[in-house]
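Below, each chain spelled out in residue letters.
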Amino acid sequence: MWQTLILYCGTFRIACSWVQISLSLRKYLLSNYMIRKLVEKDREEVLQFLKKESALNLFIIGDIENFGFYTGFHELWAQLDLNNSYKAVLLRYFNSFVFYAKDDDFDVVSFANIIKNYKDSDSLSGKKSVIDPFEEYIDFNKSRNQFFTELTPSSFPLPYGRGKKHDVLFQV
C-alpha cells in the first residue's frame, strides 16, 4: 500500500516513504509559508490572541486599535499554524520591532529575516523567553533586561498587594 520513492544522487541512494515526504513538506510549509502580513480582516482574531496576555502586548494592541494594520510607519506580520491559529505576531513601529509568541514554537529564522530586511531597525522587544532565540540570527549591539509589574484586581488593596511580575527583554 505505501509506496517508496527512490532518488539517485550520484552514487547515493535515498529511499523514503510518502509519509516521510508528507511530514517533511508539512514542516517546510509551516516554517516558510505560514507567516504573512496582517490586514484589517484579521483584527478580531489577532486581538483575541494578543489579549490573552494583554499587559505584555499593550503596544501591539494599542497600535492595532489606533492605526489599523498598515501605515507608512507600522505594519504587522503573524505566523499561523495549519488550523489558522496564531502562533506569533511581529509589529514594526518606525524602526522598532515588538514580538509576541506564547511559547518558543515559532519560525525565528523567518521573523529574523523580516527584521533584517529593515536596514535601520534599532530595537526588538518582547518576552525574554521568545526574544532570546533571535540572538543567533540578529547581531544586537546591546541588550537590556527590564521588568514590569501588572496590577491585577487580586493585587488590591494597595500598597500591600502583589502584582504579576514579567521578565521582558529589550534589545538594541
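In this text the structure is predicted, and so the values were computed from the model without any measurement.

S.K.: Give me the pairing of strand β7 (residues 96-101): which residues, what numbers.
M.R.: Across the 6 residues of β7, 5 count as buried, placing the element largely inside the fold. Sheet topology note: the strand β6 (residues 86-93)/β7 ladder contains 6 bridges and is antiparallel. For L90, the partnering residue across the bridge sits in β7 and is F99. Where β6 folds back on β7, the antiparallel hairpin that results is connected by 2 residues, among which F94 adopts a positive phi of roughly 55°. Across 3 bridges, the pairing between β7 and strand β8 (residues 123-127) is parallel. In the sheet register, V98 faces β8, and the bridge partner there is S125. With helix α4 (residues 108-116) bridging β7 and the parallel β8, this β-α-β connection has right-handed handedness.

S.K.: Provide a residue-level description of unusual backbone geometry, including the pertinent values.
M.R.: Phi angles above zero are rare outside glycine, and N84 is one such case at about 60°. Positionally, N84 belongs in the loop between β5 (74-80) and β6. Note on N84: relative accessible area 51%, which makes it exposed. Here the phi dihedral of F94 falls at roughly 55°; this positive angle occurs in a residue that is not glycine. Along the chain, F94 turns up in the loop between β6 and β7.

S.K.: Please provide a residue-by-residue account of the side chain of E75, values included.
M.R.: Within the fold, E75 resides in strand β5. Reaching out from E75, the side chain makes a polar contact with the side chain of K37 at a distance of 2.4 Å. Reaching out from E75, the side chain makes a polar contact with the side chain of Y118 at a distance of 2.4 Å. Not counting chain neighbours up to four residues away, the residues in contact with E75 comprise K37, F69, Y70, L90, L91, R92 and Y118.

S.K.: Explain the pattern of salt bridges residue by residue, including any values.
M.R.: For the coordinates displayed, the defined rule picks out 8 salt bridges. With a shortest N-O distance of 2.6 Å, R43 and E40 are connected by a salt bridge. Judged by relative accessible area, E40 falls into the partly exposed class, the value being 47%. Three or more residues are tied together by salt bridges with common partners; here these are K37, E75 and R92.

S.K.: I'd love a proper account of the packing of aromatic side chains, names of residues and values included.
M.R.: Tallied over the full model, the rule gives 14 aromatic pairs. Plain terms: the ring middles of F106 and F134 are 6.0 Å apart, the flat faces sit at 25° to each other, and that makes the pair stacked. With F106 in the loop between β7 and α4 and F134 in the loop between α5 (128-131) and β9 (143-150), the pair connects residues that are 28 residues apart, well separated along the chain. A residue is classified by how much of its surface remains accessible, and F106, at 11% relative accessible area, is buried. Through a chain of ring-to-ring contacts, three or more aromatic side chains come together here, namely F67, F73, Y93 and F94.

S.K.: With reference to specific residues and values, describe a nonpolar patch on the surface.
M.R.: Taken together, the side chains of F67, Y93 and F94 define a hydrophobic patch exposed on the protein surface, amounting to about 280 Å² of accessible area. As for its position among the elements, F67 is in helix α3 (residues 58-67).

Thresholds, definitions, all that
- Residues numbered from 1 in each chain as written.
- Predicted model: local features only at pLDDT ≥ 70, side-chain atom pairs only at ≥ 80, totals over all residues.
- Heavy atoms only, no water.
- Buried < 20%, exposed > 50% of the residue type's maximum accessible area, 1.4 Å probe, protein only.
- Helix = DSSP H or I, 4+ residues; strand = E, 2+ residues; numbered from the N terminus.
- Pairing = 2+ DSSP bridges.
- Right-handed = clockwise from strand over helix to strand, strands pointing away.
- Polar contact = N/O pair within 3.5 Å; in protein donor to acceptor, adjacent residues only side chain to side chain.
- Contact = heavy atoms within 4.5 Å.
- Salt bridge = Lys/Arg side-chain N within 4 Å of Asp/Glu carboxyl O.
- Phe/Tyr/Trp six-rings, centres within 6.5 Å; stacked < 30°, edge-to-face > 60°.
- Patch = residues over 30% accessible without salt bridge, like charges linked within 9 Å, V, L, I, M, F, W, Y side chains within 5 Å.
- Areas by Shrake-Rupley, 256 points an atom, 1.4 Å probe, with all protein chains shown as cover.

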